[in-house]
Amino acid sequence: MKKSRTVRPRYVAPPTIHENPYLQCEDTCGHVHGIDLSHYQGEVFWETVGDNSSMAYVYLKATEGGDRIDARYERNIDMAHRHGLKVGSYHFFRPKTDLLTQLENFKTQCLPGEQDLIPMLDVESTGGLDNEAFCDSLYKFLDLMEQTYHQKPLIYTGRNFYNKHLQHRIDDYLIMIAMYTDEEPVLADERDITLWQYTAKGRISGISGHVDKSRFMGRHGLRELKFIH
């Protein structure tokens, strides 16, 4: 009699967070996670967000360019504090806009007494400047931020933007890199990355739409971002 063969099921890898929107990265790893928010998320139910122990911090958009103030910033920072998250604030940088005007705009919102985390500068555009002029504008603004808050800001940018415009130019700064893939980002110059924004389509109870989520890389942690008062 011919023996029947046992057919073993073929291994199928579980879906990743980019393949299954209901699978949360923070449910599958031990890294420290957080979110960033602006008025685009609309009304946030902070008591529900605060109950999510997987989210340790939030960066809130405060300002953009020389005159834009995020309409939900003041409520968001107040409620985030009330519900136990560590809070930082960020400014969206416009390289061609007067730098002192941008600084004054940010200062009106990012008050030192309300910050748990160092300020963050969102750098995503050269403003049409050539790279030398863009970097010159960026360096000057970073210096102004450091003079104002007495600590170097965190820099947020995308992997491709960094590789094209910022290699070896911001080595003295902690960075958050946006790259929406399943693999951890590696930069062209292989420099150290503090935080990885791994999705722009995250879900969290208390926020009705998509939200940007990030996590610390390697052994990095919140203590490195602590605002020094």
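The numbers attached to residues start from 1 for each chain and follow its sequence in the written order. In view of the model being predicted, local features appear only for residues whose pLDDT reaches at least 70, and side-chain atom pairs are presented and counted only at 80 or more, with totals across whole chains, interfaces and linings using the full set of residues. Side-chain figures throughout are based on the complete set of non-hydrogen atoms in the structure, without hydrogens or water.

Visitor: How would you summarise the overall build of the chain if you had to cite specific residues and measurements?
Guide: Segments assigned H or I by DSSP are reported as helices when at least four residues long, segments assigned E as strands when at least two residues long, and all are numbered from the N terminus. Helix and strand counts for the chain come out as five helices and nine strands. Split into buried and exposed, the 229 residues of the chain put 47% on the buried side. Surface accessibility of the chain: about 12,400 Å² in total, with carbon and sulfur atoms responsible for 49%. Using a 1.4 Å probe on the protein chains alone, a residue whose accessible area is under 20% of its type maximum counts as buried, one over 50% counts as exposed, and one in between counts as partly exposed. For the area figures, the Shrake-Rupley method with a 1.4 Å probe applies, and any residue is considered shielded solely by the protein chains shown.

Visitor: Explain the packing of aromatic side chains to me, using residue names and the numbers behind them.
Guide: Pairs were defined over the aromatic rings of Phe, Tyr and Trp, the Trp ring being its six-membered one, requiring ring centres within 6.5 Å. Orientation was assigned from the angle between planes: stacked under 30 degrees, edge-to-face over 60, tilted for the rest. Here the structure, examined in full by the defined rule, presents six aromatic pairs. Centroid distance phenylalanine 134 to phenylalanine 161: 5.8 Å. Interplanar angle 90°. Geometry classified as edge-to-face. In this pair, phenylalanine 134 sits in helix H4 (residues 131-149) while phenylalanine 161 sits in helix H5 (residues 159-165), placing the two residues 27 residues apart along the sequence. Of the residues examined, phenylalanine 134 reaches a relative accessible area of 0% and is grouped as buried. Residue class for phenylalanine 161 comes out buried when judged on its relative accessible area of 15%. Each ring, one from tryptophan 196 and one from tyrosine 198, has its centre 5.8 Å from the other, and the planes form 65°; the classification is edge-to-face. With a relative accessible area of 4%, tryptophan 196 lands in the buried category. Here the aromatic residues Phe106, Tyr149 and Phe227 are joined through ring pairs into a cluster of three or more.

Visitor: Can you tell me about H4, naming the residues and giving the values?
Guide: Here the expected length of a helix is defined as 1.5 Å per residue gap, with one fewer gap than residues. The end-to-end C-alpha distance of H4, which contains 19 residues, comes to 27 Å, matching closely the 27 Å that a straight helix rising 1.5 Å per residue would cover. Along H4, the positions that sit buried rather than exposed are Phe134, Cys135, Ser137, Leu138, Phe141, Leu142, Leu144, Met145 and Tyr149. Buried-residue contacts for H4 involve strand E4 (86-92), helix H3 (99-109), strand E5 (120-122), strand E6 (154-158) and H5. Near the N-terminus of H4, the side chain that reaches the backbone nitrogen of glutamate 132, with its oxygen 3.1 Å away, is that of aspartate 130. Note on definitions: a residue-residue contact is assigned when non-hydrogen atoms from the two residues lie within 4.5 Å. Here a polar contact is recorded for every N or O atom pair within 3.5 Å, except that within protein the pair must consist of a potential hydrogen donor and a potential acceptor, and residues adjacent in sequence are included only if both atoms are side-chain atoms.

Visitor: Report on the side chain of arginine 191, specifying residues and quantitative values.
Guide: The topology assignment puts arginine 191 in the loop between strand E7 (175-178) and strand E8 (195-204). By the counting rule applied here, Lys and Arg register as positive and Asp and Glu as negative, while His and the ends of each chain are not counted. The term salt bridge refers to a side-chain nitrogen of Lys or Arg lying within 4 Å of a carboxyl oxygen of Asp or Glu. Of the side chains with opposite charge, aspartate 171 lies nearest to the buried arginine 191, which makes no salt bridge, at 4.2 Å. Only 2.8 Å separates the side chain of arginine 191 from the backbone oxygen of isoleucine 170, close enough to count as a polar contact. With near-sequence residues (within four places) excluded, arginine 191 lies in contact with Tyr162, Ile170, Asp171, Tyr173 and Ile175.

Visitor: Can you break down the pairing of strand E9 (residues 207-216) residue by residue, with the values?
Guide: The element E9 is largely enclosed, with a buried count of seven among its 10 residues. Pairs of strands are assigned from DSSP output, requiring at least two bridges between the strands. Inspection of the sheet shows strand E1 (residues 33-37) paired to E9 by four bridges, in the antiparallel sense. Opposite aspartate 36, over in E9, you have aspartate 212 as the bridge partner. Once E8 ends, the chain turns through two residues before running back antiparallel as E9, passing glycine 206 with a positive phi of about 105°.

Visitor: Describe unusual backbone geometry, listing the residues and the values that go with them.
Guide: Residue histidine 150 is not a glycine yet carries a positive backbone phi of 60°. Here histidine 150 shows up in the loop between H4 and E6. The exposure class of histidine 150 is exposed, given its relative accessible area of 66%. Positive phi, normally seen in glycine, also occurs at glutamate 190, with a value near 60°. Along the polypeptide, glutamate 190 turns up in the loop between E7 and E8.

Visitor: Describe the pattern of salt bridges, and please don't skip the residues or the numbers.
Guide: Within the structure shown, the criterion is met by nine salt bridges. Lysine 61 is paired through a salt bridge with glutamate 64; the nearest N and O atoms lie 2.6 Å apart. Pair check on accessibility: lysine 61 and glutamate 64 agree, each one buried. Between glutamate 104 and lysine 107 there is a salt bridge; the shortest N-O distance is 3.3 Å. In this pair, glutamate 104 and lysine 107 both sit in helix H3, three residues apart, roughly one turn of the helix. Here glutamate 104 falls in the partly exposed class, since its relative accessible area comes to 43%. Taking relative accessible area as the criterion, lysine 107 reaches 31% and is therefore assigned partly exposed. Members of the salt-bridge network, linked through shared partners, are Lys61, Glu64, Arg68 and Arg94.

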